[in-house]
Structures are given as C-alpha cells and as structure tokens.
Amino acid sequence: MDRIRHVRLSSVVLPLDRPVSDAKVLTGRQRPMTAIVFLFAEIATEQDQHGIGFSYSKRAGGPAQYAHAKEVAAGLIGEDPSDIGKVYDTLLWAGASVGRSGVATQAIAAIDIALWDLKAKRADLPLAKLLGAHRDSVRAYNTSGGFLHAPIEEVKERASKSLADGIGGIKIKVGQPDTRVDLDRVRAVREHLGDDVPLMVDANQQWDRPTALRFGRVLEEFGLVWIEEPLDAYDAEGHAQLAAALDTPIATGEMLSSVTEHVRLIEARAADIIQPDAPRIGGITPFLRLATLADHNGLQLAPHFAMEIHLHLAAAYPREPWVEHFEWLNPLFDERLETLDGRMIVPDRPGLGFTTSEQCAAWTVDACEFGTR
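Here the residue numbers are simple positions, counted from 1 along each chain's written sequence. Reporting in this predicted model follows two pLDDT cut-offs: at least 70 for local features of residues, and 80 or more for side-chain atom pairs to be given and counted; totals over whole chains, interfaces and linings ignore these cut-offs and use all residues. Each side-chain value is derived from all of the structure's non-hydrogen atoms; neither hydrogens nor water enter the calculation.

Undergrad: Is there a simple way to think about the domain arrangement of the chain in this case?
TA: Where interface size is quoted, it is often the accessible area lost as the parts come together. Domains are outlined according to an automatic or database domain assignment. Partitioning the chain into structural domains gives domain 1 (4-124 + 358-371) and domain 2 (128-345). Here the C-alpha centre of domain 2 lies 24 Å away from the C-alpha centre of domain 1. Throughout, buried area stands for the accessible area (probe radius 1.4 Å) lost by two parts on being put together, summed over both. Where domain 1 abuts domain 2, roughly 3,100 Å² becomes buried across the two surfaces, and 68% of that area is made up of carbon and sulfur atoms. For domain 1, the biggest contributors to the area lost against domain 2 are Phe54, Tyr56 and Trp116; these three give 19% of the whole.

Undergrad: Could you clarify how one ought to interpret the packing of helix 7 (residues 179-193) against helix 8 (residues 209-219) in this entry?
TA: Think of two packed helices as two axes; the pair is described by the angle between the axes and how far apart they sit. Here the axes come from fitting lines to C-alpha atoms, over the contacting stretch only for helices, and the angles between their N-to-C directions go from 0 to 180 degrees. Each helix is a run of H or I in the DSSP string that is no shorter than four residues. Each strand is a run of E no shorter than two, and both are numbered from the N terminus. Direction vectors running N to C along helix 7 and helix 8 enclose 25°, while the axes themselves pass 11 Å from each other. As judged from the angle between their axes, helix 7 and helix 8 are roughly parallel. Crossing hand, helix 7 versus helix 8: right-handed. Along its contact with helix 7, which presents Thr179, Asp182, Leu183 and Val186, the element helix 8 presents Thr211, Phe215, Val218 and Leu219. Under this grouping Gly is polar, as are all residues other than the nonpolar Ala, Val, Leu, Ile, Met, Phe, Trp, Tyr, Cys and Pro and the charged Asp, Glu, Lys and Arg. Broken down by class, the residue content of the contact of helix 7 with helix 8 amounts to five nonpolar, two polar and one charged. If an angle is under 35 degrees, it is roughly parallel; if it is over 145, roughly antiparallel; if it lies from 65 to 115, roughly perpendicular; otherwise it is oblique. A clockwise turn of the near helix away from the far one marks a right-handed crossing, whereas an anticlockwise turn of less than a right angle marks a left-handed crossing. Here a residue-residue contact requires only that any non-hydrogen atoms of the pair lie within 4.5 Å.

Undergrad: What is the right way to look at the UniProt feature "active site" (unreviewed entry) in the chain in this model?
TA: UniProt positions are given in the numbering used here, feature names are shortened, and annotations may be inferred rather than shown by experiment. In this structure's numbering, the residues bearing the UniProt feature "active site" (unreviewed entry) are Lys173 and His304. Taking the farthest pair of C-alpha atoms as the criterion, the annotated set spanning 132 residues converges on one region, since that pair is 14.3 Å apart. Residue position: Lys173 is located in strand 5 (residues 169-173). With a relative accessible area of 5%, Lys173 lands in the buried category. In contact with Lys173, not counting residues within four places along its chain, are Asp22, Thr143, Gly146, Phe147, Leu148, Arg185, Asp202 and Asn204. Exposure classes here rest on a 1.4 Å probe applied to the protein chains alone. A residue is buried below 20% of its type maximum, exposed above 50%, and partly exposed in between.

Undergrad: Just to check I follow, could you spell out helix 4 (residues 103-122) for this structure?
TA: Every α-helix winds through 3.6 residues per turn, so residues three or four apart in the chain are directed the same way. Expected span, for any helix, means 1.5 Å times one less than how many residues it has. Helix length check: helix 4, at 20 residues, gives a terminal C-alpha distance of 29 Å against a target of 28 Å (1.5 Å per residue), a fit within 8%. Bend is the name given here to the angle between axes fitted to two runs of seven residues, the run ending at a residue and the run starting at it. Ala109 marks where helix 4 bends most, by close to 25°. Burial of helix 4 is extensive: 16 of the 20 residues sit out of reach of the surface. Remark: Asp124 follows helix 4 within two positions and exhibits a positive phi of approximately 60°.

Undergrad: Would you mind showing me how to read the side chain of Asp112 here?
TA: Of note, Asp112 is situated in helix 4. Asp and Glu count as negative and Lys and Arg as positive, but His and the ends of the chain are not part of the count. The term salt bridge refers to a side-chain nitrogen of Lys or Arg lying within 4 Å of a carboxyl oxygen of Asp or Glu. No salt bridge is formed by the buried Asp112; its nearest oppositely charged neighbour, Arg289, is found at 7.6 Å. Residue contacts for Asp112: discarding those within four places in its chain leaves Ile84, Tyr88, Gly282, Gly283, Ile284, Thr285 and Pro286.

Undergrad: I keep staring at the pairing of strand 6 (residues 199-202) and nothing clicks. Help me out?
TA: Along any regular strand the residues' side chains alternate between the sheet's two faces. By the alternation rule, side chains of strand 6 split into Leu199 and Val201 and Met200 and Asp202, which are all buried. Pairing between two strands requires that DSSP report at least two bridges joining them. Both strand 5 and strand 6 contribute to a ladder of four bridges, which runs parallel. In the strand pairing of strand 6, Lys173 is matched with Asp202. A crossover gets the label right-handed when its path from the first strand over the helix to the second runs clockwise, viewed with the strands pointing away from the viewer. This β-α-β element, strand 5 to helix 7 to strand 6, shows right-handed connectivity.

Undergrad: Just checking my understanding: could you explain the UniProt feature "binding site: Mg(2+)" (unreviewed entry) in the chain for this structure?
TA: Taken from the UniProt record, the annotation "binding site: Mg(2+)" (unreviewed entry) applies to Asp202, Glu228 and Glu254. Considering the C-alpha atoms alone, the annotated residues occupy 53 residues of sequence yet fold into one spot, their largest mutual distance being 11.4 Å. With respect to the secondary-structure elements, Asp202 resides in strand 6. The contact partners of Asp202, leaving out residues within four places of it in the chain, are Lys171, Ile172, Lys173, Val174, Glu228, Glu229 and Glu254. Mapped onto the secondary structure, Glu228 falls in strand 7 (residues 226-228). Residues in contact with Glu228, not counting those within four places in the same chain, are Tyr141, Lys171, Val201, Asp202, Ala203, Asn204, Ala251, Glu254 and Gln275.

Below you can see the structure in the form of structure tokens.
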C-alpha cells in the first residue's frame, strides 16, 4: 500500500496576450480579463509516484482558492492515494463550515484532479482509458478566436485558422446591448464559414427572458449547434422555457460550482447540452457523478474550458460530446494536444499527459509544501 508523503501547492498567474472582453464587459458588469490565476497541486507518494492537478479563477477568487487549499492540504499526508473518494470527503469536511460549492470545492478540485492524474499514471494509462473511454478523439470547437474585443475581420481570420489547424467547430460571443450588432456578427461568420461548419454562439448570461426568446428565434436561420448561456446561470426555469420554445439547442452550466446546482438544471429540463467545468464543480470525482446523471437524462456534454482535463472526461462520456479549444494554457505545459479532422486526439501519455513548464514556474507567485520530500 502506497501513502501520500508530500504535497506542494502553488499559485500561478498567467498573463493574457491582450485584454479579453465578452458580453459581461460590454454590459458593464465586469472589466476586461487580463490574467488567469491557477491553483496547482502536486502530489508525491512514498513509492515516488507523482500527480498534478489544477483549478483556476478568472478576475477574482484565485488567492481565496489557494488560501483554502493551504488550510486543508495537510490532511492528505499519510493517506492512500487510491482512496480518492475517501480523501475527497475528508477535505470536504475539513472546510465544511464554508460550504460545499464555490471557492471551497474549487480549492479541493486541484487536489482531486492531481489524485486522478496520479492514479492513471500508476496504471500507466491515459486518464480517459482508466475511466473507460468510448472514443480516442473528441469533436473540438474553438472559442478563443471569437471574443467581442476582436473586430469581425479578425474573428473570421482566426476561425479560418482554427479550421486549418484541424478544429471542427467555431464559437463566437454575442450578448451585446444592441442585438443588431450581434446579428451582424453572426451573419458575417456564418457566411464566411459556409453552412457546413458547426457554429455556436455564447451570450454569457447577458439576455433577459424576452430578449433571449426573440433573438433566439432570429438565430434559428443560422443552423447553430447551440445557444450558450442566454440567461443568468441560475435561471433554470427561464432556460427550460427557451429549451422548449426554440429549435436551436440550449447549452449552459459552466458557471455552476456544484453537482447540486446542475441537478436543478437537469430536473427543470433547462438544457439540451450540459457544460460542467471540473475545476469549478470540485474536481473529477464530482464531475463523474454529474456525467452519470446527465447521461441518464439523455443530455449532450460539452465541458467548459480546461481542455487539458476535459478531453479525457469527454472521451469517457457515452454520448458523442464536444470539447472546447483554448490555446491560452499552452505556456503552462511542455506538451501540446493534437487536433485533426475536426477532433482533438486523446494523448497516449499516462495520466492527464502534461508536465508543467519552466514558464509556469516563473509565473508562480506563492507556494507551500506539506510532508516530506
């Protein structure tokens, strides 16, 4: 039996090449995003097995995740790393007074993901294979080229490059105060891509119910794969009304921070496509619980962000899923994911298949350790 002997936590600030804006910025609710803060967890065992995982925060919350993880991580020392469910509950109860969602579980997520990475490495298998893969590649769509700070000609140019790089679909941002501007952008991209390229739009929660219904009907002509987050993330009833009224599928869930919150979406029939984010809902352990519920209810799956993690989880989902392509995290790792013929290839490297780079170390702003090296 192996035991955890050492844990290292680090806070890493990844600067973005340029400020990024979606509809939340244009409606005045947020400022442009200039960096992403990551919480990395590195776990080592007595038998010298290693695992890495990460969580993240955009704009605010990164230091809080790191602080919470520091408070509970000592409880890992001496535990059997194979007992991931037991370890998860131990960490959850250690911070139970601040709840079972949000920062508390996002801090645990980095540790949980590291344990799954370690478990797959011990088995000498990619994580997808350890979980039981249904496929060796997953349909991929690009989001990073479609933000609202970019002029439409740049959006079209980056869409073309994504397709040339082997990515299968394109998502662009909408949700601006003037829906006519959104309509012009969607029409321009659809005409540029042609009718056969999968196209999605994402309103980032910025419509009210009447606007979402009216504009959703207008968007029917473009044959979209889905309309994402048309309403507030917690408006399950409103999303359910849209899903019933529109032919275009509704996708949502990325902003929710627990399985329980997703259950409300599922019970309300508020989405055709569910978009959980493993770091946001507490790690791979709760993600797998949610995936079982989603499949049981006949939902499609398109995990949000963090393709380095979600590629493996999507490959293990019974129904044909999508995975979101962002190149933003590339500087953090030495390895790259491959896209070919519209799909992202599951790497054959054990675990998640990633090692942190020297640049990741250079962007580390704080770190702490527990146990013995």
